[in-house]
Amino acid sequence: MDQNYQIEARYVIMTQSILGNKTLTSSDKLVLARITGFQRFFEANETTAEFLGLSERTIREAKQRLLKRGYIVEIANTGHGKIYA
């Protein structure tokens, strides 16, 4: 099977409570969807920004807000980057 097909075939389900949450920005929701699409998320901000069509700063700030509100957790810091779940 083509590797690109495997990546494209993934789906992310977002609950109505998150989708309708007025305290989260649209960018927060997109970043959360990207992170929850993986069991362990360690993609570079640059790659995430390119994939979502957002700036690296927007990705970084969204991650900080999601961490602060408990939507994601940092499970490791490898020294080369952080891993989220």
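What counts and how
- Residues numbered from 1 in each chain as written.
- Predicted model: local features only at pLDDT ≥ 70, side-chain atom pairs only at ≥ 80, totals over all residues.
- Heavy atoms only, no water.
- Core = buried A, V, L, I, M, F, W, Y, C linked by side-chain atoms within 4.5 Å.
- Buried < 20%, exposed > 50% of the residue type's maximum accessible area, 1.4 Å probe, protein only.
- Helix = DSSP H or I, 4+ residues; strand = E, 2+ residues; numbered from the N terminus.
- Contact = heavy atoms within 4.5 Å.
- Phe/Tyr/Trp six-rings, centres within 6.5 Å; stacked < 30°, edge-to-face > 60°.
- Lys NZ or Arg CZ within 6 Å of the ring centre and 35° of its normal.

The next point concerns the nonpolar core. Nonpolar side chains in soluble globular proteins tend to be buried together. Grouped together as the largest cluster of nonpolar side chains are 12 residues: Ile 18, Leu 24, Val 31, Leu 32, Ile 35, Phe 41, Ala 49, Ile 59, Ala 62, Leu 66, Ile 72 and Tyr 84. Broken down by secondary-structure element, the contributors of at least two residues to this core are helix 3 (26-36) and helix 5 (56-69). For Ala 62, the contacting residues outside a window of four places in its chain are Ser 27, Asp 28 and Val 31.

This next bit is on the packing of aromatic side chains. Under the defined criterion, the tally for this structure stands at one aromatic pair. Centre to centre, the rings of Phe 38 and Phe 41 are 5.7 Å apart; their planes meet at 55°, and the pair counts as tilted. Residue Phe 38 is classed as partly exposed on the basis of its relative accessible area, which comes to 26%. For Phe 41, a relative accessible area of 1% translates into the label buried. Geometry around Phe 51 places Arg 34 over its ring, the cationic atom sitting 3.7 Å from the centre.

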